[in-house]
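# Commentary on secondary and tertiary structure
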Amino acid sequence: MKPRRAFLAYAGFFISVLVAWELVIHVGHLPPVVMPSPASVWDVLTTRSGELAYHAAVTAGEALAGYALANALALVLALSFIWLPPMEAVLGPWAVVIKNVPFVSVASILLITLGDNLAPKLLIVVLVCFFPLLANLVKGLRAAEPVLLDRMRVLSAGRGQIFRKVLWPAAVPYYLAAHETAFTGSIVAAIVAEWFFARKGLGYLIVQATVDYRGDLLYAVNAVAAAMALGAYFSCKLAERWLLRWQRPLT
Amino acid sequence: MVVLERVSLDVATGEFVSLLGPSGCGKTTLLRILAGLEQAPGGDVLIDNLPVGEARGKHEIGVAFQRAALVPSRTALENVRLTLEICGSVDAFEPEALLREFGLGAFLSHYPHQLSGGMQQRVNIACAMVHRPRLLLLDEPFGALDELTRESLGAWLSRVLADTGQTCVLVTHSVEEAVALSDRVAVFSARPGRIQALLQIDLPRPRPSRVDPGFASEVERLRRALYAAVDGGGTGA
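In this report, the structure presented in the accompanying data block is examined.

Calculation rules
- Residues numbered from 1 in each chain as written.
- Chains lettered and ligands numbered in written order.
- Predicted model: local features only at pLDDT ≥ 70, side-chain atom pairs only at ≥ 80, totals over all residues.
- Heavy atoms only, no water.
- Axes fitted to C-alpha atoms, helices over the stretch in contact; angles between N-to-C directions.
- Helix = DSSP H or I, 4+ residues; strand = E, 2+ residues; numbered from the N terminus.
- Left-handed = near helix turned anticlockwise from the far one by under 90°.
- Contact = heavy atoms within 4.5 Å.
- Nonpolar A, V, L, I, M, F, W, Y, C, P; charged D, E, K, R; others polar.
- Buried area = accessible area lost by both parts, 1.4 Å probe.
- Salt bridge = Lys/Arg side-chain N within 4 Å of Asp/Glu carboxyl O.
- Polar contact = N/O pair within 3.5 Å; in protein donor to acceptor, adjacent residues only side chain to side chain.
- Expected span 1.5 Å × (residues − 1).
- Buried < 20%, exposed > 50% of the residue type's maximum accessible area, 1.4 Å probe, protein only.
- Arc of directions from axis to C-beta.

A pair of packed helices is captured by two measures, namely the crossing angle of their axes and the spacing between those axes. All names here are of chain A. The geometry of helix H3 (residues 49-83) relative to helix H8 (residues 159-196) is characterised by a closest axis approach of 8 Å and an angle of 145° between their N-to-C directions. For the crossing formed where H3 meets H8, the hand is right-handed. Only Arg 159, Phe 163, Leu 167, Tyr 175, His 179, Ala 182, Phe 183, Ser 186, Ile 187, Ala 190, Ile 191 and Glu 194 of H8 make contact with H3, whose side of the interface consists of Val 58, Thr 59, Glu 62, Ala 63, Leu 64, Tyr 67, Asn 71, Leu 75, Leu 79 and Trp 83. Per-class residue counts for the contact of H3 with H8 are 15 nonpolar, 4 polar and 3 charged.

This is the structure we're talking about:
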């Protein structure tokens, strides 16, 4: 979609949401604690912007750090699966179990075991993001053309060169597909981790707003979280546009 | 399963030798052994008296496969440069000049999917020879192309190799292509492949047109040798 058309589509969406929101409040006669007006939420967003920015930065930091860890782990494991095939037989079942255990239940165990510090929150983000990254990286690294690998072998290329010049370029489209889901998922995971036991972060604010019946604050935090997730999504799209520019047809 | 049997072949510096035979006779396997991509259970491959592994380490070999070995996310020029990024550029051709020489001056910044099959093969061959390997191995590089494109690319390759003086071994199943390009042709029997005949092509360079009586007579001579090799040398085509 062209940028101007995309901008208009998103603007239309947000205006529709605001109109529907006001309609629901007026038609349903909902009290502010259940559904605050857009104006009161805007008020919270502007008057408590410093506080919201601080908690958003905490959540973003946890999400980014956990996501970086998940990437590093997924890349190391994917390469080990490619270069040392027995590793896949040994570690594959671990990855499958990690993927299928409900992360919310594991989150409780991690928080009880490790306490209120950064480690369990990072681990929860890693748990959520790691598997899609690993699965797609393995698939992408295996998508490298055998004939290109033969070309590299004839040239006596080292493993590092083969990775940089053939394996990684082949894996990029697959990696980006996982990145789009996992990167936005990292923010969700960080917020969920903060729900359980935290004194800062958007998850903590959500719990506080719920306990205090502060609908306006709850909606404001959700707006910030949604903005962060959308930012992550659009950064993925920009990266995709740049890294996969070679796929565009001739104009 | 035995693929090749008692294969012995000397190729002189600057010579163009084609390996001709029916499908499945082991031509590509022999080429892969020459490139060091597969290990023969017995025997040696020497390139200027060096074992193939050492020659490969010194970047003395270039291979163009039937399927173009191009990185899809690199332009034509970047794909040619990729060879030099690995081998170093000492004594190499200048990639941009080489591609211009190959008639691809207007397509330097095109990605492989934006090029025709014939253009992709020219880039493929440029990638294989840009570092000036002493031995160029071509595995049916024109196999997937139409007849006219094959002919024009063959004529072009002859000109390029005459200029560079590189030694070349070509795998083909086309008798006409073998006559048009080669100094000598090794004719293989069906599997297990053996060299049943080694024929000198008695035509001047540049080769006459394919409708020339001399060309037709060489094609006929080679075709007879191929039939004899397939009928008498193996288990059948």
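Another point: the interface of chain A and chain B. Size of an interface: often given as the accessible area lost when the parts come together. If you look at the interface, chain A gives 20 residues, while chain B gives 30 residues. Three residues, Arg 151, Val 154 and Trp 246 of chain A, lead the burial of chain A against chain B; their summed loss comes to 32% of the area buried on that side. Linking chain A with chain B are 3 salt bridges. Between Arg 67 of chain B and Glu 145 of chain A there is a salt bridge whose closest N-O contact spans 2.6 Å. At the junction of chain A and chain B, the tally comes to 12 residue pairs in polar contact (both at pLDDT 80 or more). Examining the composition of the side of chain A that touches chain B, we find that 7 residues originate from one element, helix H7 (residues 146-154) of chain A, more than from any other.

Residues and elements named next belong to chain A. For helix H5 (residues 103-114), with 12 residues, the first-to-last C-alpha span of 16 Å sits near the 16 Å given by 1.5 Å per residue. Within H5 the residues assigned to the buried category are Val 106, Ala 107, Leu 110 and Leu 111. When H5 is viewed along its axis, its buried side chains cluster within an angular range of 140° and face the same direction. Turned more than 90 degrees off the buried face of H5, the exposed positions are Ile 109, Ile 112 and Thr 113. Contact partners of the buried residues in H5: helix H6 (118-142) and H8.

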